[in-house]
Amino acid sequence: PAPPGAGYGALLARAVCLGSSVAEGYDLGIFSVTILPVVREFGLHPWQVSLLAGVPALSVCFGTSIAGFVMDRIGRKPVIAASYVLLVIGSIAFASANGFMSLLVSRCVLMVGCSIGMVAVTVYMAEIAPTKMRGMLVSLEELAINVGLLTALFTGHWVLGRADLGDAPRGAGSWCSLLFALK
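So, how was this worked out
Counting from 1, residues in each chain are numbered in the order their sequence is written. pLDDT decides what is reported in this predicted model: residues at 70 or higher carry local features, side-chain atom pairs at 80 or more are listed and counted, and totals for whole chains, interfaces and linings draw on all residues regardless. To obtain the side-chain values, all non-hydrogen atoms of the structure were included, while hydrogens and water were left out. The helix count covers DSSP runs of H or I at least four residues long, the strand count covers runs of E at least two residues long, and both are numbered beginning at the N terminus. Note on classification: 1.4 Å probe, protein chains only; a residue is buried when its accessible area is under 20% of the maximum for its type, exposed when over 50%, partly exposed between these limits. Throughout, a contact is declared for two residues whenever any of their heavy atoms are within 4.5 Å. Values of accessible area rely on a 1.4 Å probe in the Shrake-Rupley scheme; residue burial ignores everything except the protein chains shown. Under the convention used throughout, the expected extent of a helix is 1.5 Å for every residue step, that is, one less than its residue count. In this scheme, the bend at a residue equals the angle between the axes fitted to the seven residues that finish there and the seven that begin there. Nonpolar cores are built from buried Ala, Val, Leu, Ile, Met, Phe, Trp, Tyr and Cys residues. Side-chain atoms within 4.5 Å join them into one set. Aromatic pairing here means that ring centres of Phe, Tyr or Trp (its six-membered ring) are within 6.5 Å. Orientation follows from the plane angle: under 30 degrees is stacked, over 60 is edge-to-face, and everything else is tilted. Only lysine NZ and arginine CZ atoms are considered, and such an atom sits over a ring when it is within 6 Å of the ring centre and within 35 degrees of the ring normal. Patch building starts from residues that exceed 30% relative accessible area and form no salt bridge, then joins like charges within 9 Å and nonpolar side chains (Val, Leu, Ile, Met, Phe, Trp, Tyr) within 5 Å. In the sections that follow, a salt bridge refers to a side-chain nitrogen of Lys or Arg positioned within 4 Å of a carboxyl oxygen of Asp or Glu.

(A) Representation of the overall build of the protein chain. The number of helices and strands found in the protein chain is 6 helices and 0 strands. Mapped in sequence order, the helices and strands of the protein chain form the string α-α-α-α-α-α. Within the protein chain, the proportion of its 183 residues that are buried is 43%. In the protein chain, the proportion of contacts linking residues at least 24 apart, taken out of those at least 6 apart, comes to 81%. Surface exposure of the protein chain reaches about 9,200 Å², of which carbon and sulfur atoms provide 72%.

Below, the structure is given as structure tokens:
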């Protein structure tokens with residue numbers, strides 16, 4: 001007989017959680033690849049770049065601080081689904097941004113989705129994992145985030161086709177927006 005927690009539903013739940021973690025890592029990493037072409041495309045000033053890089057960290061603080069409360073109220077799975085929705089909305093908003101404020105708001109939405117998803121997935125995986133496998137499965141979630149980060153970096157390099165993104169041609173921001181929509 002199969003060990004407890006090895007059924008189809010449990011495997012599907014683990015796959016969804018791993019997918020969520022890869023997507024969150026991708027969203028965290030893709031900004032570092034796309035920032036220089038986006039700066040050129042939108043003609044951003046250094047203070048705007050600083051805000052684009054820094055303000056979403058406040059969104060992470062907000063997302064992680066409310067995640068536990070929301071999970072207790074509506075459950076882990078709905079919060080994971082909501083994080084997916086926020087990731088998709090933020091990605092589409094970033095890809096279709098037409099100025100600094102829309103870039104900033106979309107980055108904040110993405111980071112709230114990432115932070116809520118990271119908390120919800122980790123808690124959910126810890127709760128459904130068999131005791132003997134709990135540490136390994138929760139650690140796999142953290143590994144999946146790093147796989148997402150690396151995927152973002154390699155995808156960005158592949159799409160933009162250069163190691164030095166500082167001399168990306170005008171219009172490369174559009175390619176960068178595509179990277180956000182690839183998820």
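Let us keep going from here.
(B) Representation of the side chain of Ser115 within the structure. The residue Ser115 is located in helix α4 (residues 100–128) in this model. Setting aside chain neighbours within four positions, we find Ser115 in contact with Ser59, Val60, Gly63 and Thr64.

(C) Broad picture of helix α1 (residues 8–42). With 35 residues, α1 ought to run about 51 Å at 1.5 Å a step, and its terminal C-alpha atoms sit 47 Å apart, in line with that. Of all the bends in α1, the greatest, near 50 degrees, is centred on Thr34, and the proline Pro37 appears no more than four residues after it.

(D) Up close: the nonpolar core. Counting 15 residues, the largest nonpolar core has Cys17, Val79, Ile80, Ile116, Ala120, Tyr124 and Met125 as its most contacted members. Element by element, the count of residues in this core is highest for α4, at 6 residues. Residue contacts for Ile116: discarding those within four places in its chain leaves Gly63, Ile66, Ala67, Val79, Ser83 and Leu86.

(E) Broad picture of the packing of aromatic side chains. Counting across every chain of the model gives 1 aromatic pair. Ring geometry for Trp47 against Phe100: centres 5.7 Å apart, planes inclined by 65 degrees, an arrangement best described as edge-to-face. Here Trp47, found in helix α2 (residues 46–74), pairs with Phe100, found in helix α4; they are 53 residues apart in sequence, far enough to count as distant. The ring of Phe31 has Arg107 sitting right over it, with the charged end atom 3.6 Å from the ring centre.

(F) Focus on the environment of Phe100. A relative accessible area of 13% means that Phe100 is categorised as buried. For the pair Phe100 and Leu44, spaced 56 residues apart in sequence, the C-alpha separation works out to 7.4 Å. Beyond its immediate sequence surroundings of up to four residues, Phe100 is in contact with Leu44, Trp47, Gln48, Leu51 and Leu52.

(G) Quick peek at a nonpolar patch on the surface. Together, Leu18, Met133, Met136, Leu140, Leu143 and Val147 line one region of the surface with nonpolar side chains, adding up to about 480 Å² of accessible area. By the secondary structure assignment, Met136 is in helix α5 (residues 134–160). For Met136, a relative accessible area of 48% gives the class partly exposed.

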